[in-house]
Structures are given as structure tokens and as C-alpha cells.
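Here is how the chains run, residue by residue.
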Amino acid sequence: MASLDAVSITILLGAVLVLAGILSSLIALRFGAPLLLLFLIIGMAAGESGPGGIRFDDVHLAYTVGSIALALILFDGGLRTRLQAFRSVLAPAGLLATLGVLVTAALTAPLAKFGLGVGWTEGLLVGAMVGSTDAAAVFFLIHAGGLRLRPRVAAVLEVESATNDPFAVFLAIVVVEILLIGDRPWSATAAMLAEQGVLGAVVGILGGRAMVLVLNRLGLPQGLHGPFVATAALVIFGVAAAVHGSGFLAAYLAGLIVGNRRTRAHGTVVVFLDAVTWLAQIVMFVLLGLLVEPVRLASSAGPALLIAAGLTVVARPAAVFLCLAPFRFSRREKLFVSWVGLRGAVGIFLASIPLLVGMKAAQLYFDVVFVVVLVSLLVQGWTLAPAARRLGVAFARPDPVAHRVELDLPGQMAQELVGYLIEADSPYLRRGITPFWAKPILVVRDEHVLTAAEAGPVRPGDYVYLLAPPEKAAALDRFFVDMPPPSSPDPRLLGDFFVSADATLGALAEIYGLALDPALAATSLADHFARELGLPPRRGDVLRLGDVLLIAHKVVAGRLTQVGLQLAEPDTTAKQPATPAGRIKSALRRGVAFVIGRS
Amino acid sequence: MPLNDLVAPNAILPALKVNSKKQAIQELAARAAKLTGQSERGIFETLLQREKLGSTGIGHGIAIPHGKLVRLDKLFGLFARLDRPVDFEALDGQPVDLVFVLLAPESAGADHLKALARIARLLRDPDIARKLRESRDAEALYAVLTLPPTQAA
């Protein structure tokens, strides 16, 4: 009986911890705190030296759970990466995800070597462990913060954070193997790297294709599509690892393929994996939090803070500026991308590998990486939104969300049923427009199901179901968001001057002496907005051209016709009385502005 | 934000008589040419080139024609109050009676942009515009344009 009780108690404790993790998301959403941080804290609190007092030092279990979780997280990351939509940033993001990780790791290595008093290879290991940015943290903070970043910046960050994990994992594991096996000739190391990469890629691509085939050819019972995809992802991970390929790379690539091919039940698969990924992250972080002894962290806090600082202000910016140099990004954009180098789950997971293989000083690495991740989540996580606004890479208007229901239609894949609740202030109701590719089919009003013809004009509170191509569902959201018409524009976003949207960028650059890529000289402002925003322009949308802010001023029938030019920063201090305190404040503000690159 | 550094006392025209936007720009170009020693035609064409992108009439009867001149050695400002408002194809359709011309040397860069923003923001202030319309002569206009902000407000 006693052993049965022990099992029950384990289940109870585990479930309570996970539950605490889930409920903590409410706190995170309210305060904009990085969610992962809360999971870690819950784990730490439940652990040996916290109030929970649970003894947990099963590195093996933590590593196994971590591997499963990470494989699923990476698969999910691939699934969500829309190659089509991200094609324009694949090159910069891809470079960041590979060379960027390498540079970050290499520049962090000396800090680790001197800070911790270890060898170069060990230093590089620490660098590799903190080399990648965390997709979950980046996504969550960008979306939860209500930030609407410039699309190109957001896309680079998302693709980078989703794709750099396999490379960092890969790098760390290779370094661990070098450390374990001892010095090997470089050729052998390179061969191992290539073998891991190639085999992982082959298994991932083949596995992904097989998954698409099964999804579309075999009539799986309703509800099993999601579990099928999730377990198949783990099988692919396992197969790749078994043949000495990189399992994480394989899982990511498989996700990429499944996410970018037309498949049956795509909506339910995405929803299921979303849930699985959340659960995986919670379990993984709580377990990793349990592994930590907060008391011991204090002893390695000094070098860890040094590494965190060096990583944030030197290694990451250097990697970003180097990798983005060949592409057109402004200095502010690069600074922002540098700042959003949030570390997360992958780092801590990788840091548990030395523990698992019983490496010397493993505990030290784990503690150091843990502190680095903690600091990164706290400092960068919390300052992300202000940084975006300060650097002018966020739009003033947050992105509202529409609540969409997607229904798969059996028998074909070109169309699906998409449902929305009609909100009083939605553009659909206000302007009565539907895109030509969406066809209203059903209206649910007061619990009665009516055809579109029976229902007549829709009213607030109706549910409308439209037939639309699945890949356009997200575009449809824009018509159904609850969004009051823009009242007065943000006074800080008033143009000093106005020009016709037919004016070319070249003409503007010429008159105002702005730096401009010659390739863009013939582009009209209207086209420039359309291309950069990727959405129909709205009054108040902002783009930057050199030192000038371009502000969408007048939009007629979805096309921009007039653009405001804000030639210089608004002078907010102009009308304030010049009190000593006010002067100090404005001097401080100028100081801060100077440091973070606002002139 | 007084404009002391941008406009000289002799670059104020208290009652310019013109009948159209084009004529206003022509007259202002002529006066600017005299004061800067630059070619009148060059100034006129520079200002027109900017107007082609969209009127510099920023609303409330104010226009700020501007442009860059290669051979200029520093920022040059010229202010005119029109005797009778003329249609300037302004944003709000209102006829314009307060015109500030700013010419910038090729090398001015950010200073050019900041100066333009300062002028636009100063003239947008309803108090300033009212005072400019109430002023009788060049001296009074110059005083309003160059008053320190605490007294102007």
C-alpha cells in the first residue's frame, strides 16, 4: 500500500505543480512578466530549499522530459513558420540562427573562460548553451505585450528564435562530445558536425513528408490528427537520434514541412500542438526549476552576471550587427533585435547535459546558465515593450485579435469554414465589406441557425460562418476585430508636412537629404507602405525613412493617398516651465536617448 | 522655439501683394535671390519641385515652401505675410496668408529637418499665428517670430 500511496502522492504533487504553472499564466498576462520565469520560480519554490521542500535530483528524468518537450517545442516552431510569409526574411533570420549563434557563443566563451576559470572548450560550451534565443519567450512577450512591431523586424525575430535552437543544441552537443572524447583532429569534429546535420535533415524532411502523406491519405478518426502529429514528431526525433543525426533539427524540419504543406485538419493539429507545447514547457521548466538550489546559485552569481552582461551588451549585438549587415536594417532595428535576445528553456536544458554525463564542474555550468537565463528573462523580458517604443520599431496601435473558429470540411482541403462573433465595432459590420475570396454561409442568431440569405444584414452578437481558403483565415481576422474607428490620431504622430502617396522615395530622399537604398528610389510611398506593412494601410501607420517618420495620413478605398512627414522628434519639453527638476529630467532623457541611439 | 537663427530682420515681408500660389512663390524666390545672392530661377524651381510632391500649405492659412540649394552656405529663412490670402492647394483647403520660405544648403542634413520641424510647430501654435496676423510691420513680425517661448505663450 505504501508504494501505491507514494505514486498517488507523486501524481498529486506533479499535477499541482503543473496546475500552478498554468494558473500563473494569468499573472504573466496581467503583469507582462515572462511566463517562463514564473514556471521556473514555481519549480524553485517547490524544490528542496524552497517552501515546497521536494527533493529532486533526477537529472536523467529531467533530461528525458526536457528532450521530449524540446522536440515538441521545436516541431511546433517549425509548424508555425510560414515559409511563404517569411520568405523575405529567411536570409537574415537564417544567418542569425546559424552564424549568429556561433558568433554569440564564440564571443561569450572568453567571458566564461576568465569568469569561471575554465578552459577554452568549456568556455565555448557555456557560450553554446546560452547562444540561442528562446522562441516561446520571444513570441509570448511580443504578442502578450500588445506590441505591433514593424513586420520585417517581427518576422526576423520570430524566424530567428524558432530556427536557432537546433543549431545551438547541435553546437552544445558537439562541444560536449569533444570534451568527453578528448582532443580529436578538427577534421573528425567537422565530419561529426556534418554527419549530425545531414542525417538530421534527411530524417526530418522524409519524416515530414511521410506525415503529410498519412494525414491526407489515411482517414484518421476525428480527434486523432493532433496526437498523431505530436507522436510522429517524437518518432522522427528518435529515429534521427538513433542514426546519429540531430534529432532536434529533424523535429524542426518535419514541423516546417507539415506546416507548409496543405494538410487535412491543419487547424486542429495546430491547436493540439499549441496545448502540447504549453504543457511541455510548463513541465520542463518546473522540473528544471526543481533541479536548482537557489542557495547555491548565489555562489556563482558573480561570474554569471558578468557573462549575462557581456552576452547582452557585447556578444549578442555584435552577432546581430554582423549578421544583419548585408541586409537593409536601420541601426535602431538592429539594436532592437539585439535587445530581444531572450534566453530560455533551451539554455537550461542544454545546461543539464553536463550534469547528465557527469562532467567535471557540471553543477557550475548549470548554475551559471540558469542565472544568465533568469537575468535575461527579467531584464530584457520586462523592458522589451519600452525598448520597442523607444527605438521606434513598434506601431502606436496595438494589434487587436479576433476570435476565430476554424472548421475543417471533409472531402477537400481548399476551403474551410471560419466562424466569428460579430462585434459592434468590427469593420465587417461598420463598412459591410467582405473580401471576395470569403463567402458568408451561415448566421447563428439567438441560437437559431440561418442561411446567409435568410439572415439578411448581420447584427452585433450574431455568429457568422464564412467559407474561405485556410491560408487566408488570418487575413479574415482583420474584418472581425472589435476596433473602434480611429478617433483623434496620436498627437505625437502628427506630420509636420504632407506629401502625396504617389511621390517616390527617391524624390523625398533627394529633397530632405535622406539615406536611401538606390533600389527603392523609384518606389512610391503608397507601394512602400503596402510592401512594408503587408496589410492594408490605416491612418496612423508609421514607417521610418532615414531620420524622417512617414505617417499614413489619408487612405481612400484601401489605398494610401497622403503621407505625413514628421521631420524631427516632437519637442515635448518646449512648453514646460524650465524648473530645475524639469531641466534635470530632460537632460536625463537626452542622456538615455543618446545611449540607446535616439538623436 | 524662437527662430532667431533662421530669419534675419531684413528677411520679413509684412504685406506681400500676390494673386496666386505661383506668383507668391515667384515673388518670394526673387526676394530670397536678392538676399542670398543665388539665382532666382534656381530658387523658384527648387521650391516648385517640392510643391509637386504635395503642397507645403500645412493648414490654418500657413505655408512653408522649402528646398535645398547646392551653393547656399547656411540655412536661409524668409517670412512673408500676404496682403490677401491666396489658394495654396493646402491640406485643409484654406487660403494661405502666412508664408515661411526655408532654403537649406546641400550639406545641412539633419539641421534642415529640425529647422523645418521647428518652423512648422511654431507657426501651428494658434497664439503665434494670431499675433503674426495682428502685427503691423516687419519689426513686430520679427519680434513675434523670435520671442522666447515663455513670452509668446
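Everything discussed here concerns the structure shown above.
Keep in mind that this is a model prediction, so the values were computed, not measured.

A. Structural detail: the overall build of chain B. Scanning chain B for helices and strands turns up six helices and six strands. Reading the helices (α) and strands (β) of chain B from amino to carboxyl end gives β-α-α-β-β-β-β-β-α-α-α-α. In chain B, which comprises 153 residues, the proportion classed as buried is 52%. In chain B, the share of contacts with a sequence separation of at least 24, taken over all contacts with a separation of at least 6, comes to 68%.

B. Fine view of the packing of helix α9 (residues 186-217) of chain A against helix α10 (residues 225-242) of chain A. Residues and elements named next belong to chain A. Where α9 meets α10, the axes come as close as 10 Å, and the angle between the chain directions of the two elements is 155 degrees. When the axis of α9 is compared with that of α10, the two are roughly antiparallel. Here the hand of the crossing between α9 and α10 comes out right-handed. Contacts between α9 and α10 involve Gly200, Val203, Gly204, Gly207, Gly208, Met211, Val214 and Leu215 from the former and His225, Phe228, Val229, Ala232, Ala233, Ile236, Val239 and Ala240 from the latter. Considering only residue class, the contact of α9 with α10 consists of eleven nonpolar, five polar and no charged.

C. Representation of the pairing of strand β4 (residues 448-451) of chain A in the model. Residues and elements named next belong to chain A. The pairing of strand β3 (residues 439-445) with β4 spans four bridges and is classified as antiparallel. Within β4, the position partnered with Arg445 by the bridge is His448. Taken together, β3 and the strand that follows it, β4, pair antiparallel across an intervening segment of two residues, in which Asp446 is found at a positive phi of about 45 degrees.

D. Highlighting the pattern of salt bridges. Residues and elements named next belong to chain B. Enumeration according to the criterion identifies 13 salt bridges over all chains in this entry. Its salt-bridge partner being Lys21, residue Glu51 comes within 2.9 Å of it at the nearest N-O pair. One end of the pair, Glu51, is in helix α2 (residues 40-53); the other, Lys21, is in helix α1 (residues 21-36), with 30 residues separating them in the sequence. Lys21 shares its class with Glu51; the two are buried. Glu45 is the salt-bridge partner of Arg41, the closest N and O atoms lying 3.1 Å from each other. One end of the pair, Arg41, and the other, Glu45, are both in helix α2, four residues apart, so they sit about a helical turn from each other. Judged by its relative accessible area of 40%, Glu45 is partly exposed. Salt bridges sharing partners connect three or more residues here, namely Lys21, Glu51 and Glu89.

E. The interface of chain A and chain B, seen in detail. Of the residues lining the interface, 26 residues belong to chain A; the matching set on chain B comes to 22 residues. Of the roughly 2,000 Å² buried at the junction of chain A and chain B (both faces included), carbon and sulfur atoms supply 62%. Linking chain A with chain B are one salt bridge, by the criterion used here. For the salt bridge of Asp496(A) with Arg121(B), the shortest nitrogen-to-oxygen distance reads 2.9 Å. Applying the counting rule to chain A against chain B returns seven residue pairs in polar contact (both at pLDDT 80 or more). Elements that contribute at least two residues to the side of chain A that touches chain B include exactly β6 (497-500), α21 (505-512), β8 (548-556) and β9 (559-566) of chain A. Among the elements that line the side of chain A that touches chain B, the one with the most residues is α21(A), at five residues. Residues of the side of chain A that touches chain B, tallied by class, amount to 14 nonpolar, six polar and six charged.

F. Quick peek at a nonpolar patch on the surface. All names here are of chain A. A cluster of nonpolar residues, Leu19, Ile22, Leu23, Leu26 and Leu279, forms a patch on the protein surface that exposes about 470 Å² of accessible area. Among the elements that take part in the nonpolar patch, helix α1 (residues 2-31) stands out by supplying four residues, more than any other. By the secondary structure assignment, Ile22 is in helix α1.

G. Local environment of the sheet that holds β6(A). Residues and elements named next belong to chain A. A sheet is described by the order of its strands in space; here four strands give the open sequence β6-β9-β8-β7, paired in antiparallel fashion. In this open sheet, the two edge strands, each paired with only one partner strand, are β6 and β7 (542-545). Across the sheet, the mean angle separating the axes of adjacent strands is 35 degrees when strand polarity is ignored. Bridge count for β6 against β9 is four bridges, and the pairing is antiparallel. Across the sheet, the residue bridging to Phe498 is Gly564, located in β9.

H. Representation of the side chain of Asp76(A) within the structure. All names here are of chain A. Its place among the elements puts Asp76 in helix α3 (residues 59-80). Within the structure, Asp76 has its side chain in polar contact with the side chain of Thr277 (distance 3.4 Å). When neighbours within four sequence positions are excluded, Asp76 is seen to be in contact with Leu273, Asp274 and Thr277.

I. Region of the structure containing the packing of α1(B) against α2(B). Residue and element names in this part refer to chain B. In the contact formed by α1 and α2, the axes pass within 8 Å of each other and the chain directions differ by 135 degrees. With respect to α2, the axis of α1 lies oblique. Once α1 is placed against α2, the crossing between them reads as right-handed. Contacts from Lys21, Lys22, Ile25, Gln26, Ala29, Ala30, Ala32, Ala33 and Thr36 of α1 reach α2 at Glu40, Ile43, Phe44, Leu47, Leu48 and Glu51. Residue composition of the contact of α1 with α2, grouped by class: nine nonpolar, two polar and four charged.

J. Here's a closer look at the packing of aromatic side chains. Tallied over the entire structure, the rule returns six aromatic pairs over all chains. Between Phe114(A) and Trp120(A), the ring centres sit 6.0 Å apart and the planes meet at 85 degrees, which makes this aromatic pair edge-to-face. The class of Trp120(A) is partly exposed, set by a relative accessible area of 49%. When the ring of Phe79(B) is compared with that of Phe100(B), the centres are 6.2 Å apart and the planes differ by 55 degrees; the resulting orientation is tilted. Of this pair, Phe79(B) sits in strand β5 (residues 76-86) while Phe100(B) sits in strand β6 (residues 96-105), and the two are 21 residues apart along the sequence. Judged by its relative accessible area of 0%, Phe100(B) is buried. Ring pairs connect the aromatic residues Tyr63(A), Phe237(A), Phe248(A) and Phe349(A), which therefore count as one cluster.

K. Structural view of the environment of Asp462(A). Residue and element names in this part refer to chain A. As for its position among the elements, Asp462 is in the loop between α19 (452-455) and β5 (463-468). Contact partners of Asp462, with chain neighbours within four places excluded, come to Tyr420, Leu421, Ile422, Val443, Val444 and Arg445. One polar contact links Asp462 to Arg445, side chain to side chain, over a distance of 2.8 Å. Polar side-chain contacts of Asp462 include one of 2.9 Å to the backbone nitrogen of Arg459.

L. Main features of unusual backbone geometry. At Asp446(A), a position not held by glycine, the phi torsion is positive, near 45 degrees. The topology assignment puts Asp446(A) in the loop between β3 and β4. On the accessibility criterion, Asp446(A) (64% relative accessible area) is exposed. We note that His60(B) has phi near 55 degrees; this positive angle belongs to a residue other than glycine. Along the chain, His60(B) turns up in the loop between β2 (57-59) and β3 (62-63).

Parameters and conventions
- Every chain is numbered independently, its residues counted from 1 as its sequence is written.
- Key to labels: chains lettered from A, ligands numbered from 1, both in the order written.
- The predicted origin of the model limits local features to residues at a pLDDT of at least 70 and limits the giving and counting of side-chain atom pairs to 80 or more, whereas totals for whole chains, interfaces and linings rest on all residues.
- By convention in this description, side-chain values take in all heavy atoms of the structure and omit both hydrogens and water.
- Under the scheme used here, helices are H or I runs from DSSP no shorter than 4 residues and strands are E runs no shorter than 2 residues, and both carry numbers assigned from the N terminus.
- Exposure is judged per residue with a 1.4 Å probe applied to protein chains only, and the accessible area is read against the type maximum: over 50% gives exposed, under 20% gives buried, and values in between give partly exposed.
- Any pair of residues with heavy atoms lying within 4.5 Å of one another is described as a contacting pair.
- Axis definition: a line fit to C-alpha positions, over the contact stretch in the case of helices; interaxial angles, taken between N-to-C directions, run 0 to 180 degrees.
- Any angle that falls under 35 degrees is termed roughly parallel, while one over 145 is termed roughly antiparallel, one within 65 to 115 roughly perpendicular, and all others oblique.
- Left-handed describes a crossing in which the near helix is turned anticlockwise from the far one by less than a right angle; the clockwise case is right-handed.
- Lys, Arg, Asp and Glu make up the charged group, whereas Ala, Val, Leu, Ile, Met, Phe, Trp, Tyr, Cys and Pro make up the nonpolar group; the residues left over, Gly among them, are polar.
- DSSP calls a pair of strands paired once it identifies at least 2 bridges connecting them.
- Every case where a carboxyl oxygen of Asp or Glu lies within 4 Å of a side-chain nitrogen of Lys or Arg is listed as a salt bridge.
- What gets called buried area is simply the loss in accessible area from a 1.4 Å probe that two parts show on being joined, summed for both.
- Counting of polar contacts relies on pairs of N or O atoms within 3.5 Å, with two restrictions inside protein: one atom must be capable of donating a hydrogen and the other of accepting it, and residues adjacent in sequence are counted only when both atoms are side-chain atoms.
- Patch construction takes residues with relative accessible area above 30% that form no salt bridge. Like charges are linked within 9 Å, and nonpolar side chains (Val, Leu, Ile, Met, Phe, Trp, Tyr) are linked within 5 Å.
- With residues, only the protein chains shown are counted as cover, and all accessible areas are computed by Shrake-Rupley using a 1.4 Å probe.
- Between rings of Phe, Tyr and Trp, where Trp is taken as its six-membered ring, a pair exists when centres lie within 6.5 Å; planes separated by under 30 degrees are stacked, by over 60 edge-to-face, and by other angles tilted.

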